[in-house]
Amino acid sequence: MLFPATSCPLRAGRGGGGRSWWGSVAEMPPPHPGLRSDSWPDVFLSAAGARSDPSCEARGCGHWEFVPQDPSSPRGHASLEGEIRAHLLPSKACRPRTPGSCSTDPQPLPPPLPKKILTRTQSLPNRRTSHASSIQVQLPRRPFLGSHSVDKSQAEVGPACAPAELTFGLTDAPLGLSLRNLHSPEAVHAALAARQLQGLHAIYARLRARFMGGHPGPCRPGHGFRLLDSSPCAESGDALYYRVVRVHDDAWHILVAKVPKPGADVPHPWGLELQASLSPHFNLQGLCGVVPEGTLPGAPWRGAVALAAEVPERTVAQWLVEACTQPPEEFVWAVALVLLQLSAALEFLEAWGAALVELRPENLLLAAPRGCAATGHARLLLADFGRVCLQPPGPPGSPGPHAPQLGSLLREMLGLATPSTTPLTAGLERLAAQLTRLQPSASRTRGALQALLWGPGPEVRGRGAPVGPWLRALGPWLRLRRGLLVLRLAERAAGGEAPSLEDWLCCEYLAEATESSMGQALALLWD
């Protein structure tokens, strides 16, 4: 299998412009002058008889095709294998190949070997537009994982425990149903519901490995560093972010140097120590190490700086300026997804006995998630650990430390949108009021946002209805939604569409939801 030497484009800008890094591999320059040129596989491509397709090379799609070389060369096209084999097979007389052969008693030619067609596994497609391949056999495209490394760990990272595979053999044993049970609708429905939940857990685990895979890991002795840009790729309220390449052997990662702004508030040391000790989390900025002073020649800062794993593109404050011009329904939906990710990050902090003293949109970062289209929803990263302090969790039911700030931020976001009367807008306005009045924990806030996004709605609960009937109705609703989600993901996968970040978040919700958790979310929203 031949791949381009880099698994993600080094983009100079978000929307294109300039040549794509998915061009001809043999003629592609190293990603940085300081990187080793022997990490590029042009020697392997030339040895295999590969050449770049000029039409594809002009488009920057990075496809290759194999062409026959000189038949006398031992590395010729595979279609010559039969002829080469005929030359090498021992025979009592010369095998006639042309008129006037030296043989006077011609022997019948051996049956020709089947013609082989050398094909190449498709390159990882770029994050923009996919092009038709020039090879003769169309192989299924692998989704681009958005990794910043050329090592194998960046290309594919599986879950810690491989999920069980669903079998669809001729036997009924995997279903756990006997002939007697097949005549019982309740038993059949229970078996299908169990299989749907098992399949949903497997899908969630695979998507989590895809979106969370390729973490660069900590910096170690022997790693080299190169500064990619002299200007920052993102600017938050108290830090500038510069892209840096970390090189070790044939693997390289793109990290960011987090440079504090002059005059910024002194960060709380306990919060920084907590950030350095946390395991990778999808919505928390992870640190890889520190770049000592003088390691990066030409760096526009002084002193040692921290290295972060994810490359941010902008802040929530900058995103709001652009997103508020969208149609009201799209903007409100995007706001709910951003708040959902923020509540997941704050829930993690509360579980560790920590709290964010001040929640600032200019210090909330947005980055493109791995494995998703560039046009999809962004990944939120909480990076302001300098304002995180120790706050031990209280007893169950105690006020959440972040609820008032979340309520104020939600009202501020909704105030930027064009007034609308959608159910989601009404639900978010109701949640903002409840955050200020009841001060729920970040975990309960996340459950309420999940219910507003994907249900159940207030019609399932009913106003003034007894608690027992509508709680019992949540079980069938949950089983129905799980089945519909599995079907929708299967239909989109059959059409070649990659799952989105929203699909993964919905899958996480339905895989972990219970009747009790959904009842608590509805009670928080509509009591």
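The structure this text deals with has already been given above.
Residues numbered from 1 in each chain as written. Predicted model: local features only at pLDDT ≥ 70, side-chain atom pairs only at ≥ 80, totals over all residues. Heavy atoms only, no water.

Novice: Lay out the pairing of strand 8 (residues 305-308) in plain terms, naming residues and giving numbers.
Specialist: Bridge count between strand 6 (residues 251-260) and strand 8: three bridges; the pairing is antiparallel. In the strand pairing of strand 8, Ala257 is matched with Leu307. Both strand 7 (residues 287-291) and strand 8 contribute to a ladder of four bridges, which runs antiparallel. Following the sheet pairing, Leu287 is matched in strand 8 by Ala308. (Pairing = 2+ DSSP bridges. Helix = DSSP H or I, 4+ residues; strand = E, 2+ residues; numbered from the N terminus.)

Novice: Pulling in residues and values, what's your account of the sheet that holds strand 9 (residues 314-315)?
Specialist: Spatially, 9-11-12 is the arrangement adopted by the three strands of the open sheet, whose pairing is antiparallel. The open sheet is flanked by strand 9 and strand 12 (379-382), the only strands paired with a single partner. For strand 9 and strand 11 (residues 364-367), the ladder comprises two bridges, and the chain directions are antiparallel. If you follow Arg314 over to strand 11, its bridge partner there is Leu366.

Novice: Can you lay out the state of the cysteines for me, pointing to particular residues and giving the numbers?
Specialist: All told, the structure shown has zero disulfides when counted by the stated rule. Lacking any disulfide linkage, Cys219 is separated from the closest cysteine sulfur, that of Cys288, by 5.7 Å. Overall, the relative accessible area of 23% leaves Cys219 in the partly exposed class. (Disulfide = S-S within 2.5 Å. Buried < 20%, exposed > 50% of the residue type's maximum accessible area, 1.4 Å probe, protein only.)

Novice: Can you lay out the nonpolar core for me, pointing to particular residues and giving the numbers?
Specialist: Within the largest apolar cluster, 76 residues are counted, with the highest numbers of intra-cluster contacts made by Trp319, Leu342, Leu382, Leu428 and Leu431. Here the element with the most residues in this core is helix 9 (residues 328-351); it accounts for 14 residues. Counting contributing residues, this core receives three or more from each of domain 1 (224-308) and domain 2 (314-526). (Core = buried A, V, L, I, M, F, W, Y, C linked by side-chain atoms within 4.5 Å. Domains from an automatic or database assignment.)

Novice: Describe in detail the side chain of Arg370, supporting the description with residues and values.
Specialist: With respect to the element layout, Arg370 can be found in the loop between strand 11 and strand 12. Only 3.1 Å separates the side chain of Arg370 from the side chain of Glu310, close enough to count as a polar contact. (Polar contact = N/O pair within 3.5 Å; in protein donor to acceptor, adjacent residues only side chain to side chain.)

Novice: Any details on the packing of aromatic side chains? Residues and values, ideally.
Specialist: A complete count under the given rule lists seven aromatic pairs for this structure. An angle of 10 degrees between the planes, with centres 6.0 Å apart, marks the rings of Tyr204 and Trp504 as stacked. Of this pair, Tyr204 sits in helix 6 (residues 185-212) while Trp504 sits in helix 15 (residues 501-512), and the two are 300 residues apart along the sequence. An aromatic cluster is built from Tyr204, Phe211, Phe282 and Trp504, whose rings are joined through pairwise contacts. If you follow Arg379 out to its NZ or CZ, it ends over the ring of Phe282, 4.3 Å from the centre. (Phe/Tyr/Trp six-rings, centres within 6.5 Å; stacked < 30°, edge-to-face > 60°. Lys NZ or Arg CZ within 6 Å of the ring centre and 35° of its normal.)

Novice: Break down the environment of Val259 for me, citing the residues and quoting the values.
Specialist: Within the secondary structure layout, Val259 lies in strand 6. Among the residues examined, Val259 registers a relative accessible area of 8% and is labelled buried. Placed 20 residues apart in sequence, Val259 and Ala239 show a C-alpha to C-alpha distance of 5.4 Å. Discounting residues that sit within four places of it in the chain, Val259 has contacts with Asp238, Ala239, Leu240, Tyr242, Trp301 and Val305. (Contact = heavy atoms within 4.5 Å.)

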